[in-house]
Amino acid sequence: MLFFSLILTSIVCYNILRPLQPSSLIDIGFLSQILPKTPNTAPKTCDYSYGKWVWDETQPLGRYTEKCPLLDPGFRCQQNGRNNSDYQKWRWQPEGCHLPRFDAKDFLRRSKNGRIVFAGDSIGRNQWESLICMLIQGVSNQSTVYEENGNPITKHKGFLSIRFQEYNLTVEYYRMPYLVFIDRPPENAPKEVSGVVRVDKLHWFSTKWVGANIFVFSAGHWWNQDKTVKRGHYFQEGESVNMTMDVMEAFRRSLNTLKSWLMQNLEPEKSLTFFRSYSPVHYRDGEWNDGGHCNLNVKPETDYKRLNSEPRNNILMYEVVKQMESGKRNVQFLNITYLTEFRKDGHPSSHREPNTSISAPQDCSHWCLPGVPDTWNELLYAKLLATGFKTRRI
């Protein structure tokens with residue numbers, strides 16, 4: 001029995017630490033659901049997260065352009081000087097099936113009189129803006145789509161709400177990189193603590209979510225040493241600061257805080273929740289603040305050996321999804337990590353928003369729009385179709 005346990009532990013560790021692969025040696029629990037399956041072990045329903053990128057010259061046709069009025073300047077890579085548009089001509093092809101064609105009018109009809117909430121880091125804003133521009137294609141008069149409070153669409157705003165007047169629909173974004181609350185350190189905190197991440201206290205933005213129909217949560221890019229303890233931001237639970245808590249343990253506890261709120265405040269028959277998986281970054285020859293770059297990438301990655309290992313963030317989010325499912329909640333894991341890992345060519349890189357200093361770091365974490373996040377929203381739409389989602393029914 002001990003021997004068997006050692007073998008099983010070794011296999012699990014191997015799956016976690018190895019580079020992402022289109023196949024695994026053995027399917028074990030949630031790992032088999034996060035890591036893409038081989039064609040021989042494909043589930044009966046389509047696994048949209050596993051497939052390949054195919055060149056498609058027609059891909060930009062019928063799609064929104066950088067002229068979308070609600071697009072952040074930082075994502076308009078062509079207008080910011082990028083002279084290669086090939087990154088817009090790759091289409092995601094799932095293994096053994098096809099993604100449903102994104103139908104903006106159908107999406108809007110299904111969401112009529114509803115609310116869609118995106119909450120998380122700025123990569124979530126990337127996806128939010130993508131969906132807005134995709135949905136605008138389905139309205140007859142674009143002037144009826146506007147930010148409710150008159151705010152400009154910029155990454156510097158913490159809360160934005162776009163109203164689609166024809167459909168009485170709002171698509172909202174809440175900037176909360178850790179999902180939980182960021183606070184000043186308590187009076188008795190050590191001097192090296194400049195701020196705290198309250199892992200047991202959800203951000204106050206959550207008070208605005210009650211009554212929403214679709215939730216898309218994203219987190220992960222701020223859950224690392226550089227953006228927490230190395231900046232003097234430690235983790236607080238209760239009244240005291242924990243100086244030794246591991247970053248991923250803090251992330252797990254924060255997800256449990258979010259889960260508790262969702263379980264207590266959402267009516268299962270009236271809401272659908274998605275946890276979107278980690279969006280890979282593609283800095284080469286250094287980190288974001290150490291000369292890392294991606295401006296030389298003009299095609300998707302083709303070498304599987306260069307794919308990064310499965311981030312632990314995904315495993316922790318997937319665990320929360322399964323726990324909520326067991327509590328009879330409508331929740332799904334939106335797995336975009338594998339398909340996105342290939343797209344090293346889709347970042348703004350040096351083509352950042354106007355007036356950015358020439359010495360500023362390249363952006364190899366966010367995405368040009370139109371671009372890769374459009375595919376994430378195609379997966380989101382496919383999952384809505386699969387559940388038969390319609391606001392008028394719930």
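The rules we used
- Residues numbered from 1 in each chain as written.
- Predicted model: local features only at pLDDT ≥ 70, side-chain atom pairs only at ≥ 80, totals over all residues.
- Heavy atoms only, no water.
- Helix = DSSP H or I, 4+ residues; strand = E, 2+ residues; numbered from the N terminus.
- Buried < 20%, exposed > 50% of the residue type's maximum accessible area, 1.4 Å probe, protein only.
- Contact = heavy atoms within 4.5 Å.
- Areas by Shrake-Rupley, 256 points an atom, 1.4 Å probe, with all protein chains shown as cover.
- Core = buried A, V, L, I, M, F, W, Y, C linked by side-chain atoms within 4.5 Å.
- Pairing = 2+ DSSP bridges.
- Axes fitted to C-alpha atoms, helices over the stretch in contact; angles between N-to-C directions.
- Parallel < 35°, antiparallel > 145°, perpendicular 65-115°, else oblique.
- Nonpolar A, V, L, I, M, F, W, Y, C, P; charged D, E, K, R; others polar.
- Salt bridge = Lys/Arg side-chain N within 4 Å of Asp/Glu carboxyl O.
- 1 Å grid on protein atoms, 1.4 Å probe; cavity = no way out; pocket = protein on both sides within 12 Å on 5 of 7 lines; lining within 4 Å.
- Points joined across faces, edges and corners; volume = space filled by probe spheres on them.
- Polar contact = N/O pair within 3.5 Å; in protein donor to acceptor, adjacent residues only side chain to side chain.

**Structural notes on the overall build of the protein chain**
Assigned secondary structure in the protein chain consists of eight helices and 13 strands. Evaluated residue by residue, the protein chain yields a buried proportion of 55% over its 394 residues. In the protein chain, 75% of the contacts between residues at least 6 apart in sequence involve partners at least 24 apart. A total of about 18100 Å² of accessible surface is found on the protein chain, and carbon and sulfur atoms cover 50% of it.

**Side note on the nonpolar core**
Trp 128, Phe 164 and Val 171 are the most contacted members of the largest nonpolar core, which totals 56 residues. Of the residues forming this core, the biggest block, eight residues, is contributed by helix α4 (residues 122-136). Apart from the residues lying within four places of it in its own chain, the contact partners of Val 171 are Ile 116, Phe 118, Trp 128, Leu 131, Ile 132, Leu 135, Leu 160, Ser 161, Ile 162 and Phe 164. By size, the runner-up hydrophobic cluster in this structure holds 44 residues, among which are Val 193, Leu 202, Trp 209 and Leu 258.

**Points about the sheet that holds strand β10 (residues 233-237)**
Pairing in this open sheet of four strands is mixed, and the strands run β7-β8-β10-β11 from one edge to the other. Single-partner strands in this sheet number two, and they are β7 (180-183) and β11 (240-242). Each strand axis lies, on average, 40° off the axis of its neighbour in the sheet, ignoring direction. Relative to the sheet, helix α5 (residues 247-265) contacts β7, β8 (195-202) and β10, its axis offset from that of β8 by approximately 35°.

**Observations concerning the packing of α4 against helix α8 (residues 372-387)**
At a minimum axis distance of 9 Å, the contact between α4 and α8 shows a crossing angle of 75°. Considering the angle they form, α4 stands roughly perpendicular to α8. Across from Ile 123, Asn 126, Gln 127, Ser 130, Leu 131 and Met 134 in α4, the residues of α8 making contact are Pro 373, Asp 374, Trp 376, Asn 377 and Glu 378. Considering only residue class, the contact of α4 with α8 consists of five nonpolar, four polar and two charged.

**Here we look at the pattern of salt bridges**
The tally for this structure, following the rule as stated, stands at 20 salt bridges. Linking Glu 267 and Lys 270 is a salt bridge whose minimum nitrogen-to-oxygen distance equals 3.8 Å. The class of Glu 267 is partly exposed, set by a relative accessible area of 42%. Counted as one network, the salt bridges with shared partners bring together Glu 237, Glu 249, Arg 252 and Arg 253.

**Notes on the layout of surface pockets**
By volume, the largest pocket amounts to about 1100 Å³. Lining the largest pocket are 34 residues, and of these His 221, Asn 224, Lys 227, Tyr 278 and Val 281 lie nearest its centre. Of the residues contributing to the lining of the largest pocket, the split by class is 11 nonpolar, 12 polar and 11 charged.

**A short note on the pairing of strand β9 (residues 214-218)**
Most of β9 sits inside the fold, with five of its five residues counted as buried. Of the two faces of β9, the one lined by Ile 214, Val 216 and Ser 218 and the one lined by Phe 215 and Phe 217 are each fully buried. Looking at chain direction, strand β3 (residues 115-120) and β9 are connected through five bridges and run parallel. The residue bridging Ala 119 from the neighbouring strand is Phe 217, located in β9. Inspection of the sheet shows β9 paired to strand β12 (residues 272-276) by four bridges, in the parallel sense. Bridging across to β12, Phe 217 finds its partner in Phe 275.

**With respect to the side chain of Asp 345**
Relative to the elements of secondary structure, Asp 345 occurs in the loop between α7 (337-341) and α8. With a relative accessible area of 1%, Asp 345 lands in the buried category. Within the structure, the side chain of Asp 345 is placed 2.9 Å from the side chain of Arg 343, a separation counted as a polar contact. Apart from the residues within four sequence positions on either side, Asp 345 is in contact with Arg 82, Tyr 87, Trp 90, Asn 297, Val 298, Lys 299 and Pro 300.

**Comments concerning the sheet that holds strand β13 (residues 331-334)**
Across the sheet, which stays open at both edges, the seven strands sit in the order β4-β5-β6-β3-β9-β12-β13 with mixed pairing between neighbours. The two strands at the open ends of the sheet, each matched to only one other strand, are β4 (145-147) and β13. Adjacent strand axes in the sheet meet at a mean angle of 15°, parallel and antiparallel pairs treated alike. On the sheet, helix α6 (residues 312-326) packs against β12 and β13 and is oriented at approximately 160° with respect to β13. This element, α8, spans β3, β9, β12 and β13 of the sheet and lies at about 150° to β13.

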